Amino acid sequence: MDRNHRLCNSTHVRREVYEAHTYIVNHFLEELTWDDVADHVGLSKNYLRTLYTEVYRYSLNQTVRGCRMRYAARLLVETTRSVRDISIESRYQDLAYFCRRFREWSGMTPTEFRKKYTDLNSGSQNAYKNSGSRNAYKPAHNV
């Protein structure tokens, strides 16, 4: 059973917060607003935003950005496409902004990241999957 599902069943987290997180993770390449997510789970956007940030300690934008960075990192390791193409596919039109955000997220530039994780295991995704660089957005509550 995954950690979020256990949290969903605890007294600390409502089902709607887990559903909101799942919705965000499944739609991160779309333009999302709290209105969209709140409509999906049936809560007011202000109430959902409060609950969500209390549980996950991340805003909607931070969660979406983290999902996009993990997606971009996976593309860097699994494909030979250019960093510019990957930034556009990850919904970042400004390459310099994408590279800055990627460096903040991973601690290295996209090019350094690609080189490190493709050199580690001859292009295998396993090196990346086991690297710890996939910063998952974990809830604040320890259950």
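Residues numbered from 1 in each chain as written. Predicted model: local features only at pLDDT ≥ 70, side-chain atom pairs only at ≥ 80, totals over all residues. Heavy atoms only, no water.

## Here's the deal with the pattern of salt bridges
Part 1 of the reasoning: Scanning the model with the defined rule gives eight salt bridges in all.
Part 2 of the reasoning: In this structure, K45 and D35 form a salt bridge, with 3.8 Å as the shortest nitrogen-oxygen distance. Here K45 is found in helix α4 (residues 45-56), whereas its partner D35 is found in helix α3 (residues 34-41), with ten residues between them in sequence.
Part 3 of the reasoning: Given the relative accessible area of 35%, K45 is considered partly exposed.
Part 4 of the reasoning: Look at D35 and you get partly exposed, because its relative accessible area is 39%.
Part 5 of the reasoning: Among the ionic pairs, R103 bridges to E112, the shortest N-O distance being 3.8 Å.
Part 6 of the reasoning: Judged by its relative accessible area of 44%, R103 is partly exposed.
Part 7 of the reasoning: Through salt bridges that share partners, R14, R15, E16 and E19 make up one connected network. (Salt bridge = Lys/Arg side-chain N within 4 Å of Asp/Glu carboxyl O. Helix = DSSP H or I, 4+ residues; strand = E, 2+ residues; numbered from the N terminus. Buried < 20%, exposed > 50% of the residue type's maximum accessible area, 1.4 Å probe, protein only.)

## Regarding helix α7 (residues 95-106)
Since the α-helix turns once every 3.6 residues, residues separated by three or four places project in the same direction.
Part 1 of the reasoning: Between its first and last C-alpha atoms α7 spans 16 Å; for twelve residues at 1.5 Å apiece the expected length is 16 Å, and the two agree.
Part 2 of the reasoning: Regarding α7, its N-cap is D94, as a side-chain oxygen of that residue lies 3.1 Å from the backbone nitrogen of A96 further along.
Part 3 of the reasoning: At the exit of α7 stands G107, carrying a positive phi of roughly 90°. (Expected span 1.5 Å × (residues − 1). Polar contact = N/O pair within 3.5 Å; in protein donor to acceptor, adjacent residues only side chain to side chain.)

## Let's talk about the confidence of the model for the chain
Part 1 of the reasoning: Per-residue confidence for the chain gives a mean pLDDT of 82; residues scoring 70 or more make up 75%.
Part 2 of the reasoning: Mean pLDDT across the elements of the chain ranges from a minimum in helix α1 (residues 3-9), with 50, to a maximum in α7, with 96.
Part 3 of the reasoning: Within the model, pLDDT remains below 50 along residues 132-143, and this stretch shows 40 contacts once partners closer than five positions in the same chain are excluded. (pLDDT = per-residue confidence, 0-100. Contact = heavy atoms within 4.5 Å.)

## Some thoughts on the nonpolar core
In a soluble, globular protein the nonpolar side chains are often hidden away together inside.
Part 1 of the reasoning: Among the nonpolar cores identified, the biggest contains 18 residues, and M69, L76, I86, F98, F102 and F113 are the most heavily contacted of them.
Part 2 of the reasoning: Those elements that provide at least two residues to this core are α5 (60-78), α6 (83-89), α7 and α8 (110-120).
Part 3 of the reasoning: The dominant element in this core, judged by the number of residues it contributes, is α5, at eight residues.
Part 4 of the reasoning: In terms of nonpolar packing, the next biggest core, distinct from the first, is built from 17 residues, A20, I24, V55 and Y56 among them. (Core = buried A, V, L, I, M, F, W, Y, C linked by side-chain atoms within 4.5 Å.)

## Some words on the packing of α7 against α8
Between two packed helices, what matters for the description is the angle formed by their axes and the separation of those axes.
Part 1 of the reasoning: Running from N to C, α7 and α8 cross one another at 50°; their axes reach a closest spacing of 9 Å. The orientation of α7 with respect to α8, classified from their angle, is oblique. Residues F98, C99, F102, R103 and S106 of α7 form the contact with α8, whose own contacting residues are P110, E112 and F113.
Part 2 of the reasoning: For the contact of α7 with α8, the residue count by class is five nonpolar, one polar and two charged. (Axes fitted to C-alpha atoms, helices over the stretch in contact; angles between N-to-C directions. Parallel < 35°, antiparallel > 145°, perpendicular 65-115°, else oblique. Nonpolar A, V, L, I, M, F, W, Y, C, P; charged D, E, K, R; others polar.)

## Concerning the packing of α5 against α8
Part 1 of the reasoning: Axis separation between α5 and α8 bottoms out at 9 Å; the angle between their running directions is 55°. Between α5 and α8, the angle falls in the class oblique. The two elements α5 and α8 meet at a crossing, and its hand is right-handed. Contacts from A73, L75, L76 and V77 in α5 reach P110, F113, R114, Y117 and T118 in α8.
Part 2 of the reasoning: Of the residues that constitute the contact of α5 with α8, the class distribution is seven nonpolar, one polar and one charged. (Left-handed = near helix turned anticlockwise from the far one by under 90°.)

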